[in-house]
Amino acid sequence: MIKTHHHHELQEILRLHELWVNQTAGGKRANLIGANLNRANLRDANLAGADLRSANLRGADLSDANLTDVLIDKRTRF
């Protein structure tokens, strides 16, 4: 199932993920399994270790995004 995240929801997920990456209290790994991120502005986002399995990233701006160790699968679309 594809989950569409509204801009403010996505920003909160990314904020908590940044805390998680930095091992700061309250942080949470970004769970974007099956997310519809089509045309999302992810420029400069720190997605290191994020779960992007089955996510739709077609048309997303991933310029200068940190994609180190992201989790993807054969259904993840770029």
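Look above for the structure.
Residues numbered from 1 in each chain as written. Predicted model: local features only at pLDDT ≥ 70, side-chain atom pairs only at ≥ 80, totals over all residues. Heavy atoms only, no water.

(A) Here's a closer look at the overall build of the protein chain. Along the protein chain, the regular secondary structure elements total 1 helix and 2 strands. Along the protein chain, helices and strands appear, N-terminal first, in the series β-α-β. Against the compact-globule benchmark of 12 Å for 78 residues, the protein chain has a radius of gyration of 11 Å, which places it among compact chains. In terms of its C-alpha atoms, the protein chain occupies a principal-axis envelope of roughly 30 × 25 × 25 Å. For the protein chain, the proportion of its 78 residues judged to be buried stands at 36%. If you take every contact in the protein chain between residues at least 6 apart in sequence, the share linking residues at least 24 apart comes to 25%. Of the roughly 5,000 Å² of accessible surface on the protein chain, 47% is carried by carbon and sulfur atoms. Within the protein chain, one finds 11 positive and 9 negative side-chain charges whose respective centroids are separated by 9 Å. (Helix = DSSP H or I, 4+ residues; strand = E, 2+ residues; numbered from the N terminus. Rg over C-alpha atoms; globule rule 2.2 N^0.38 Å. Buried < 20%, exposed > 50% of the residue type's maximum accessible area, 1.4 Å probe, protein only. Contact = heavy atoms within 4.5 Å. Areas by Shrake-Rupley, 256 points an atom, 1.4 Å probe, with all protein chains shown as cover. Lys, Arg positive; Asp, Glu negative; His and termini not counted. Charge placed at Lys NZ, Arg CZ, Asp CG, Glu CD.)

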